Amino acid sequence: MVSFDVIILGGLGGPSESSTQCFMVRPFDSSELNSLCVDGGAGVGHIMDTLVCSNEDLTVDGDEVNDDFHKYFRSLNQYHHDEDKNYKRRSKRIKLSKPVQNNNSNVKVGFSNKMIETLNDRSTVLEKAYSIYQGIESYYITHPHLDHINGMILNSPLMFERDLPSNKTLYGLNFTTEALQTHVFNDIIWPNLTNQESSNLHIETLKQSQIHNVNAFPNWEMLPFKICHGTKVIDGSRVFSTVYLLRDRINKNALIFFGDTDYNQHIDGKETGFDLLDAFWDYLADHIPFAEISGIFIECSSTCNYRDEQLYGHLSPQHLIDNLKDLHRKYNRDLNSRFDLNVIITHVKMVPTSKDPRLTILNELRTIAKTTPELDGIKFHLALNKHRFIL
């Protein structure tokens, strides 16, 4: 039984400023507009882009991505960067070079039909996008880097819009909430919209590995875990990020969302230090049966051509495979059995190369996984903008 709709409002990791990380999460098949977001690197403009794709009958089977998608990616990029603001013209159908039509696929394009039907009384794309934005009740921020918060910040005045006001809460571990309050909403970088008790915007600090009840969806709970994300330039001390574990209490399905993830997870940066990601895998294996993991959204920012010192607190395909092997061992699964798992690749850095780096990373992951028998059952997907995962 599926539990979740995850809409990719932004799935990239820069250096382009467009479509950086933001995942909208909703109950599957819901007609309501309520939602939460993991990270806030994209916003209303990306909701508008997703809306105009939502009438397409195109479905994409993430397990069938291959080189034929190169033309599709180029079409998507041209579509996204089109400067024409006429959204009716921009809603022109995007076709694959070889369309993959599969009504049973767990990857679709755009918002669900039920969500679109709820918006039928709004006349313009902008009104519809604002209504969807109004329904976002909370943001769970993995860390305060700009590519994970910029859309959320720029959109924040909309909470005080006269005709469509809304209330939102920004959640995060202490290193995230303190940075947002001190360095962003400080009346210097951005107005302090959290200053008044009656404000529509609130910031709340979560506790490490402690269950947090999701207000928008009473049957859901969220648990945050601190992980490493590189080192500071000024003094070499550790930078931290978050992995969120989202669970449906009723059917027990779980999703895992990673923020930026260092290949070296030792808290002191040395092999002798406490390994934060290893501790999270331990928690997962001890508390969540493998069959209840609906999917893992995890970054893989750069291709195998990058040396470790060039990753700057991120993963490459070999490091991701090594982590998935660690997870396999934690569950004590037989090496001859299938490790059936949906792994959605996020935060790819769109560097200038002759081939789309998303395709390169996807192919590298699949190639390495083929040489690792215990990972034979993994289905690797790409977190493509405007796509919806049914998990």
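Figured I'd write up the structure that's included with this text.

Parameters at a glance
- Residues numbered from 1 in each chain as written.
- Predicted model: local features only at pLDDT ≥ 70, side-chain atom pairs only at ≥ 80, totals over all residues.
- Heavy atoms only, no water.
- Helix = DSSP H or I, 4+ residues; strand = E, 2+ residues; numbered from the N terminus.
- Buried < 20%, exposed > 50% of the residue type's maximum accessible area, 1.4 Å probe, protein only.
- Contact = heavy atoms within 4.5 Å.
- Areas by Shrake-Rupley, 256 points an atom, 1.4 Å probe, with all protein chains shown as cover.
- Pairing = 2+ DSSP bridges.
- Salt bridge = Lys/Arg side-chain N within 4 Å of Asp/Glu carboxyl O.
- Axes fitted to C-alpha atoms, helices over the stretch in contact; angles between N-to-C directions.
- Core = buried A, V, L, I, M, F, W, Y, C linked by side-chain atoms within 4.5 Å.
- Parallel < 35°, antiparallel > 145°, perpendicular 65-115°, else oblique.
- Left-handed = near helix turned anticlockwise from the far one by under 90°.
- Expected span 1.5 Å × (residues − 1).
- Polar contact = N/O pair within 3.5 Å; in protein donor to acceptor, adjacent residues only side chain to side chain.
- Lys, Arg positive; Asp, Glu negative; His and termini not counted.
- Disulfide = S-S within 2.5 Å.

In this section: the overall build of the chain. Across its full length, the chain holds 10 helices and 15 strands. When each of the 391 residues of the chain is scored for burial, the buried share is 57%. Taking contacts inside the chain between residues at least 6 apart in sequence as the whole, the part at least 24 apart equals 71%. Surface exposure of the chain reaches about 17400 Å², of which carbon and sulfur atoms provide 47%.

Time to look at the sheet that holds strand E14 (residues 378-382). Reading across from one edge, E8-E9-E10-E11-E12-E13-E14 is the order of the seven strands in this open sheet, with mixed pairing throughout. Each edge of the open sheet carries a strand with a single partner, namely strand E8 (212-213) and E14. Bridge count for strand E10 (residues 238-248) against strand E11 (residues 254-258) is five bridges, and the pairing is antiparallel. In the sheet register, Arg247 faces E11, and the bridge partner there is Ala254.

As a further point, take the pattern of salt bridges. Applying the stated criterion across every chain yields a total of 11 salt bridges. The shortest N-O distance in the salt bridge between Arg388 and Asp5 comes to 3.7 Å. Taken together, the residues span a long stretch of sequence, with Arg388 in strand E15 (residues 387-390) and Asp5 in strand E1 (residues 4-10) at a distance of 383 residues. The same class applies to Arg388 as to Asp5, namely buried. The residue Glu309 makes a salt bridge to Arg307 at a minimum N-O spacing of 2.7 Å.

A few words on the sheet that holds strand E2 (residues 22-27). Taken in spatial order, the eight strands of this open sheet run E4-E15-E1-E2-E3-E5-E6-E7, and their pairing is mixed. Two strands close off the open sheet at either side, each with one partner strand: strand E4 (107-109) and strand E7 (201-205). Averaged over all pairs of adjacent strands, the angle between strand axes in this sheet comes to 25°, irrespective of strand direction. Lying over the sheet, helix H1 (residues 44-53) contacts E1, E2, E4 and strand E5 (136-140), oriented at roughly 120° with respect to E1. Contacting E2, E5 and strand E6 (168-172), helix H5 (residues 125-134) crosses the sheet at an angle of about 65° to E5.

So, on to the nonpolar core. A general tendency of soluble globular proteins is for nonpolar side chains to be buried together. Ranked by internal contacts, the top residues of the largest apolar core, which has 39 residues, are Phe258, Leu284, Leu341, Ile345 and Phe380. With five residues, the single largest contributor to this core is helix H10 (residues 357-370). With near-sequence residues (within four places) excluded, Leu284 lies in contact with Leu245, Ile256, Ile293, Leu327 and Tyr331.

Looking now at the packing of helix H9 (residues 317-330) against H10. Close contact between H9 and H10 brings their axes to 9 Å; oriented N to C, the two are set at 45°. One finds that H9 runs oblique with respect to H10. When you trace H9 past H10, the crossing you get is right-handed. Listed contacts from H10 to Pro317, Gln318, Leu320 and Ile321 of H9 are Ile361, Glu364, Leu365, Ile368 and Ala369.

Moving on to helix H8 (residues 276-287). Compared with an ideal rise of 1.5 Å per residue, which puts 12 residues at 16 Å, H8 spans 17 Å between its outermost C-alpha atoms and is within 8% of the ideal. Packed against the buried residues of H8 are strand E9 (220-231), E10, E11, strand E12 (293-299) and H9. The N-capping residue of H8, defined by a side-chain oxygen 3.1 Å from the backbone nitrogen of Leu277, is Asp275.

Another aspect to go through is the environment of Met222. Looking at the secondary structure, you find Met222 in strand E9. Between the C-alpha atoms of Met222 and Ser209, which are 13 residues apart in sequence, the distance is 9.1 Å. Residues within four places of Met222 in sequence aside, it is in contact with Leu36, Tyr140, Gln210, Ile211, His212, Val214, Tyr244, Leu245 and Leu246.

Relative to the helices and strands, Thr303 is located in the loop between E12 and H9. When near neighbours in sequence (up to four residues on either side) are disregarded, Thr303 contacts Ser316, Pro317, Pro357, Thr360, Ile361 and Glu364.

What follows covers the side chain of Glu299. Relative to the helices and strands, Glu299 is located in strand E12. We note that Glu299 is buried and unpaired, the nearest opposite charge coming from Lys349 at a distance of 7.5 Å. Among the polar contacts made by the side chain of Glu299, one reaches the main-chain amide nitrogen of Leu315 at a distance of 2.9 Å. Ignoring any residue separated from it by four or fewer positions in sequence, one finds Glu299 in contact with Phe258, Gly259, Asp260, Thr261, Gly313, His314, Leu315, Leu320, Thr346 and His347.

Here we take up the state of the cysteines. Simply put, the disulfide is a covalent bond whose two ends are the sulfur atoms of two cysteines. Applying the stated rule across the entire model yields zero disulfides. The thiol of Cys37 is not disulfide-bonded; the next cysteine sulfur, from Cys22, is found 3.9 Å away. The structure places no disulfide on Cys300, whose sulfur is separated from the nearest cysteine sulfur, that of Cys304, by 7.4 Å.

The next point concerns the environment of Ala129. Relative to the helices and strands, Ala129 is located in helix H5. The class of Ala129 is buried, set by a relative accessible area of 0%. Placed 86 residues apart in sequence, Ala129 and Gly43 show a C-alpha to C-alpha distance of 9.4 Å. Once residues lying within four places of it in the same chain are set aside, the contact partners of Ala129 are Val44, Ile47, Met48 and Leu51.

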